[in-house]
Amino acid sequence: MCTLFIADLHLSEHEPAITAGFLRFLKEQAIHAKALYILGDFFDFWIGDDDPNPLHQQIAQALMTLKNAGVPCYFIHGNRDFLIGSRFAKESGITLLPQEKVLEIGNNRILILHGDTLCTDDAAYQRYRKKVHNKFIQRLFLLLPLFIRLRIADKMRSRSQHENQYKSDEIMDVNPQAVIDTFKKFNTQWMIHGHTHRPAVHTVDIEEKIHYRGVLGAWHTEGSMFKVTAEKIELIHFPF
């Protein structure tokens, strides 16, 4: 059986085609998998598990259906949905993972992560990330009324989109040395992540040994997944 990895769906009530594509993916592909891993930015934004957004409830029910069919689902937070907590995890049946996790599938030792921690050249983003991952700041934010949290999230998204227009592709991509350091830290041959929206499989030569960095694509116009079996690892694109 295969293990599937996806990221960067950015689910939103404003993008019903992506939601429909994901629900079809669960019924036609994930249902046959050994496990499903979601590597962050599953939702376009998340202001708390208490948000009564019908889309969140619909997705939670679909993931619980998958779990009840015998396919466990695991989740790593992204930069858009880092506030997903235990309440949504319970409602959807997903297992929340730390920001980096090593898996062993067949003879493959694979590190999975969202990928934003590799983009160390983007100093402004890394400063922002450090702030919003502060547990005290998160608790304060979650104490605010929902309508205020929504306003803050809208402002932050608009500001991010504006600032990213003036950043080079190199700054917003992974830092090569950060990739090498991460491979060495976790002692894996493979790494799979999302975040950069640049689907590909890159080779990384570290001390004359080849490593592989797999990057998932965002679900803008088509689906993207890594399919991992004991025999091979492949990046697959598919229509909604």
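Thresholds, definitions, all that
Residues numbered from 1 in each chain as written. Predicted model: local features only at pLDDT ≥ 70, side-chain atom pairs only at ≥ 80, totals over all residues. Heavy atoms only, no water. Helix = DSSP H or I, 4+ residues; strand = E, 2+ residues; numbered from the N terminus. Rg over C-alpha atoms; globule rule 2.2 N^0.38 Å. Buried < 20%, exposed > 50% of the residue type's maximum accessible area, 1.4 Å probe, protein only. Contact = heavy atoms within 4.5 Å. Areas by Shrake-Rupley, 256 points an atom, 1.4 Å probe, with all protein chains shown as cover. Lys, Arg positive; Asp, Glu negative; His and termini not counted. Charge placed at Lys NZ, Arg CZ, Asp CG, Glu CD. UniProt positions renumbered as here; feature names shortened; annotations may be inferred. Axes fitted to C-alpha atoms, helices over the stretch in contact; angles between N-to-C directions. Parallel < 35°, antiparallel > 145°, perpendicular 65-115°, else oblique. Nonpolar A, V, L, I, M, F, W, Y, C, P; charged D, E, K, R; others polar. Salt bridge = Lys/Arg side-chain N within 4 Å of Asp/Glu carboxyl O. Pairing = 2+ DSSP bridges. Patch = residues over 30% accessible without salt bridge, like charges linked within 9 Å, V, L, I, M, F, W, Y side chains within 5 Å.

Novice: Before we go on, may I ask you to explain the overall build of the protein in this structure?
Specialist: When its secondary structure is counted, the protein shows eight helices and eleven strands. The C-alpha radius of gyration of the protein comes to 18 Å, within 12% of the 18 Å expected for a compact globule of 240 residues. In terms of principal-axis extent, the alpha carbons of the protein reach across some 55 × 45 × 30 Å. Relative to its full complement of 240 residues, the protein shows a buried share of 48%. Across the protein, the fraction of contacts at a sequence separation of at least 24, relative to all contacts at a separation of at least 6, is 65%. Carbon and sulfur atoms provide 52% of the accessible area of the protein, an area that totals close to 12,500 Å². The average position of the 28 basic charges and that of the 28 acidic charges among the side chains of the protein differ by 6 Å.

Novice: I tried to follow the UniProt feature "binding site: Mn(2+) 2" (unreviewed entry) in the protein on my own but got confused; where do I start?
Specialist: UniProt marks Asp 41, Asn 79, His 114 and His 195 with the feature "binding site: Mn(2+) 2" (unreviewed entry), using the numbering shown here. A maximum C-alpha distance of 8.2 Å places the annotated residues, which cover 155 residues in sequence, within one compact spot. Ignoring anything within four residues of it in the chain, the contact list for Asp 41 reads Asp 8, Leu 9, His 10, Gly 78, Asn 79, Arg 80, Asp 81 and His 114. Note that His 195 resides in the loop between strand E7 (190–193) and strand E8 (200–206). Apart from residues no more than four positions distant in its own chain, His 195 is found in contact with Asp 8, Asn 79, His 114, Gly 115, Asp 116, Cys 119 and Tyr 125.

Novice: Sorry if this is basic, but what is going on with the packing of helix H1 (residues 16–28) against helix H2 (residues 54–68) here?
Specialist: Helix packing for two helices is described by the angle between their axes and how far apart those axes are. Running from N to C, H1 and H2 point in directions that differ by 10°, and their axes come no closer than 10 Å. Taken together, the axis directions place H1 and H2 in an arrangement best described as roughly parallel. Here Thr 19, Phe 22, Leu 23 and Leu 26 of H1 come into contact with H2, specifically with Leu 55, Gln 58, Ile 59, Ala 62, Leu 63 and Leu 66. Taken together, the residues of the contact of H1 with H2 break down into eight nonpolar, two polar and no charged.

Novice: What should I look at first to understand the pattern of salt bridges in this one?
Specialist: A side chain with one charge may pair with a side chain of the opposite charge, provided their charged atoms come close. For the structure shown, the criterion picks out ten salt bridges. For Glu 234, the salt bridge is made with Lys 232, and the minimal N-O distance between the two is 3.8 Å. Taking the relative accessible area as the measure of exposure, Lys 232 reaches 48% and is therefore partly exposed. In the salt-bridge network here, residues are joined through shared partners; they are Asp 44, Arg 80, Asp 154 and Arg 157.

Novice: Looking at this structure, how should I read the sheet that holds strand E3 (residues 73–75)?
Specialist: In a beta sheet, neighbouring strands pair by backbone hydrogen bonds and run either parallel or antiparallel. Across the sheet, six strands lie side by side as E4-E3-E2-E1-E10-E11; this open sheet has mixed pairing. Strands with a single pairing partner mark the edges of an open sheet, and in this sheet they are strand E4 (95–96) and strand E11 (233–238). Looking at chain direction, E3 and E4 are connected through two bridges and run parallel. If you follow Phe 75 over to E4, its bridge partner there is Leu 96.

Novice: I keep staring at the sheet that holds strand E5 (residues 100–105) and nothing clicks. Help me out?
Specialist: Strand order in the open sheet formed by five strands is E5-E6-E7-E9-E8, with mixed pairing between adjacent strands. Only two strands of the sheet have a single neighbouring strand rather than two, namely E5 and E8. If you compare each strand with its neighbour and ignore which way they point, the axes differ by 25° on average. Two elements, E7 and strand E9 (residues 209–215), share four bridges in a ladder whose sense is parallel. Within the sheet, the bridge partner assigned to Ile 192 lies in E9 and is Gly 214. In the packing of helix H8 (residues 176–186) onto the sheet, the strands contacted are E5, strand E6 (108–113), E7, E8 and E9, and the crossing angle to E8 comes to about 75°.

Novice: Is there a simple way to think about a nonpolar patch on the surface in this case?
Specialist: Together, Phe 136, Ile 137, Leu 140 and Leu 143 line one region of the surface with nonpolar side chains, adding up to about 420 Å² of accessible area. Its location among the elements puts Leu 143 in helix H5 (residues 135–143).

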